[in-house]
Amino acid sequence: MFSFSERLAKLPPYLFVELDRMKAEVKAKGVDVIDLGVGDPDLPTPSHIVQAAIEAVKKPENHHYPSSAGMLAFREAAANWFKNRFGVEVDPQKEVVTLIGSKEGIAHFPLAFVNPGDVVLVPTPAYPVYHIGTLFAGGETYYLPLLPENNFLPDLESIPEDVLKRAKILWLNYPNNPTAAVADKAFFEKVIEFGQKNNIIIAHDAAYTELFYDDYTPPSILEVKGAKEVAIEFHSLSKTYCMTGWRIAFAVGNEKLIAGLTKVKNNVDSGAFQAVQEAGIAALSGDQNCVAEFRKVFKGRRDVLVAGLKELGFEVEPPKATFYVWAKVPQGYTSQDFAAKLLKEAGIVVTPGNGFGEPGEGFFRVALTVDEKRLEEAIKRISALKF
Ligand SMILES: *Cc1c(COP(=O)(O)O)cnc(C)c1O
C-alpha cells in the first residue's frame, strides 16, 4: 500500500545479507561461532565513567530536554581534552558541538551544506555513512578509491576539474576503518591546501585517534595551520572509552561548519541525555589510564592475530592504529567466497572487504573484539583449512 521514498529506494544493497543469513544458519546448528565481524569493543566502560552516570541520572535537572548543542560543561571538557591531546585550542562556545554518537553528526552534516546536485567526495572502501548522508541530502557521491599502492590514501589529483567545481565536502577517516591505514601530518597539510584552493569542506572522521600502538600517535587534522578555515573533525567516545552503547561524541572545527550542523540538530533532535554527557565529562576529564589499558589489550590481540595469520602464509601487516586487521584473502578466492568458507568450515565470522566498497575486494577485515584465547582458537581453526 505504501512505497518507500526514493531516497530509501536508492540505498545501496546491504552486502552482508547473505553472510548474516549464513551466520544465523551456522549458529542454529550449535556451532561455537567466533565473531570477528563487529566493530564494537567487547570490554565494559570503565567504572568511574559508569559511576558518574549513575549519580547524574539521579539529578532532576538532568531529566529535562538537553540543548541540541550539548551542555557547555561537556563542550568545555571536550575542548580541554582536545587541547591536551593535540595542542589545539577550540572555543567550546562556537567551535564544539555535542553529538548523539558521531554517526549522528556524520549523517546530518551534509544536510547543512549540500544542495541537490552537489558532489560529495567519499573514500571507498569506507564506513557507509558518508555516502548515505550525501544521498539523504540529495547530493551525488564521487568515490575516491583507497588503494594499497597509495597506502590507502585518496589520490586528490585524480579528481576531474568538473567534479571539483561541484564538490562541497571531502570525507576522510584516519586512522581508517576498514583498512587500518593511518595518515601523517604532511598528508593533512595537502588536504587542507586542497580544501582552501577548491573551496571544499574537509570533514574528518577521527573515531580511532586514541587506539594506536607502538611508537605511533595519530594527529588531528586541526593541527595543520589554516585547518580551522575549512575543516570539521568528528570525535567519538565510543571506541576510545568503550562506550558504543551510550551514544556520545562531538565535532570540533570551523565555526560556520559547527553552526550549520548545530542548526540541523536544533531541528531534528533535542541533544544527548545530560546524564550521558556527564559520563562523557568524566571520561574526557578523568584519568586517561583506562585508554592506555585498552590500547594494551588491543595490541596484545593484534600481535596474536597478525603473527598467527603470517605464519599461515597470509599477506598482512600489523596495524599502527584501530582495532581492525585488514588482510589479503588467499589466491583464488573472492572476499565473499573466503568469508563464506571461514564461516561454514571454521565457524569464524570476518567481514569481506568488498562490503565496504568495491576496491576492498580481495581483502577481509578482522575486528579484534574477542580475547587472545579466542583469537588463538580462530588461528587454530584456520590452520586446519585447505586453501
Ligand atoms: C565506530 C565508528 C564511528 C563511531 O560511531 P559512533 O556513532 O560515534 O559510535 C565513526 N566512524 C567510523 C569509521 C567508525 O568505525
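Residues numbered from 1 in each chain as written. Predicted model: local features only at pLDDT ≥ 70, side-chain atom pairs only at ≥ 80, totals over all residues. Heavy atoms only, no water.

K.L.:
Requested: an account of the packing of aromatic side chains, with residues and values cited.
P.N.:
Enumeration according to the criterion identifies 26 aromatic pairs in this entry. Judged by centre distance (6.2 Å) and plane angle (80°), the ring pair of Phe 109 and Trp 171 falls under edge-to-face. Of this pair, Phe 109 sits in helix H5 (residues 102–113) while Trp 171 is found in strand S5 (residues 167–172), placing the two residues 62 residues apart along the sequence. For the pair formed by Phe 109 and Trp 171, the shared burial category is buried. Put simply, the rings of Phe 109, Phe 113, Tyr 127, Tyr 130, Trp 171 and Phe 234 touch in pairs and so form one group of aromatic residues. (Phe/Tyr/Trp six-rings, centres within 6.5 Å; stacked < 30°, edge-to-face > 60°. Helix = DSSP H or I, 4+ residues; strand = E, 2+ residues; numbered from the N terminus. Buried < 20%, exposed > 50% of the residue type's maximum accessible area, 1.4 Å probe, protein only.)

K.L.:
Explain the sheet that holds strand S9 (residues 324–328) to me, and be specific about the residues and the numbers.
P.N.:
Strand order across the open sheet formed by three strands is S9-S12-S11, with antiparallel pairing between neighbours. If you trace the sheet from one side to the other, it starts and ends with S9 and strand S11 (351–352), each paired once. Examined bridge by bridge, S9 and strand S12 (residues 363–367) share five bridges and lie antiparallel to one another. Bridge pairing in S12 places Ala 327 opposite Phe 364. (Pairing = 2+ DSSP bridges.)

K.L.:
Tell me about the sheet that holds strand S7 (residues 231–236), and name the residues and values.
P.N.:
Backbone hydrogen bonds are what pair the strands of a sheet, in a parallel or an antiparallel way. Reading across the sheet, the seven strands line up as S2-S8-S7-S6-S5-S3-S4 and stay open at both edges, with mixed pairing between neighbours. Among the strands making up the open sheet, the edge pair consists of strand S2 (96–99) and strand S4 (140–145). For this sheet, the mean inter-axis angle between neighbouring strands, taken without regard to orientation, is 20°. As defined by bridge partners, strand S3 (residues 119–124) adjoins S4 across six bridges and the pair is classed as parallel. Opposite Val 120, over in S4, you have Thr 141 as the bridge partner. Against the sheet, helix H8 (residues 185–198) engages S3, S5, strand S6 (201–205) and S7, with an angle of about 145° to S6. (Axes fitted to C-alpha atoms, helices over the stretch in contact; angles between N-to-C directions. Contact = heavy atoms within 4.5 Å.)

K.L.:
Give a description of the packing of helix H3 (residues 47–58) against helix H11 (residues 274–285) that names residues and reports values.
P.N.:
The geometry of H3 relative to H11 is characterised by a closest axis approach of 8 Å and an angle of 145° between their N-to-C directions. Considering the relative orientation of H3 and H11, their crossing is right-handed. Listed contacts from H11 to His 48, Ile 49, Ala 52, Ala 53, Ala 56 and Val 57 of H3 are Ala 275, Glu 278, Ala 279, Ala 282 and Ala 283. Classifying every residue of the contact of H3 with H11 by side-chain character gives nine nonpolar, one polar and one charged. (Left-handed = near helix turned anticlockwise from the far one by under 90°. Nonpolar A, V, L, I, M, F, W, Y, C, P; charged D, E, K, R; others polar.)

K.L.:
Quick rundown of the domain arrangement of the protein chain? Include the residues and the values.
P.N.:
Per the domain assignment, the segments of the protein chain are domain 1 (6–44 + 289–383) and domain 2 (47–285). For domain 1 versus domain 2, the separation of C-alpha centres amounts to 25 Å. Counting from both sides, the interface comprises 32 residues of domain 1 and, opposite them, 33 residues of domain 2. When the two sides are added together, the surface that domain 1 and domain 2 hide from each other amounts to roughly 2800 Å², 72% of it contributed by carbon and sulfur. Considering only the surface of domain 1 that becomes buried against domain 2, Arg 295, Lys 320 and Thr 322 emerge as the three largest contributors, covering 22% of it. The tally of links from domain 1 across to domain 2 stands at two salt bridges. Here Lys 299 makes a salt bridge to Asp 214, at a shortest N to O gap of 4.0 Å. When residues of the side of domain 1 that touches domain 2 are traced back to their parent elements, those giving at least two are helix H1 (6–9), helix H12 (289–311), S9 and S12. Ranked by residue count, the leading element in the side of domain 1 that touches domain 2 is H12, at seven residues. For the side of domain 1 that touches domain 2, the class distribution of residues is 18 nonpolar, five polar and nine charged. (Domains from an automatic or database assignment. Buried area = accessible area lost by both parts, 1.4 Å probe. Salt bridge = Lys/Arg side-chain N within 4 Å of Asp/Glu carboxyl O.)

K.L.:
Residue-level account of the state of the cysteines, with values.
P.N.:
Tallied over the full model, the rule gives zero disulfides. Just so you know, Cys 242 is unpaired, no disulfide at all, and the nearest cysteine sulfur is the one on Cys 290, 8.6 Å from it. Classification of Cys 242 as buried rests on a relative accessible area of 5%. Owing to a relative accessible area of 15%, Cys 290 belongs among the buried residues under this scheme. (Disulfide = S-S within 2.5 Å.)

K.L.:
Quick one: what's the story with helix H2 (residues 17–28), residue by residue and with numbers?
P.N.:
The terminal C-alpha atoms of H2, which comprises twelve residues, lie 17 Å apart, in line with the 16 Å expected from a rise of 1.5 Å per residue. Within the sequence span of H2, burial applies to Leu 19, Met 22, Lys 23 and Val 26. All buried residues of H2 project into a common sector of 105° when viewed along the axis, lining one side. Once H2 finishes, Gly 30 follows within two positions and takes phi at roughly 90°, a positive value. (Expected span 1.5 Å × (residues − 1). Arc of directions from axis to C-beta.)

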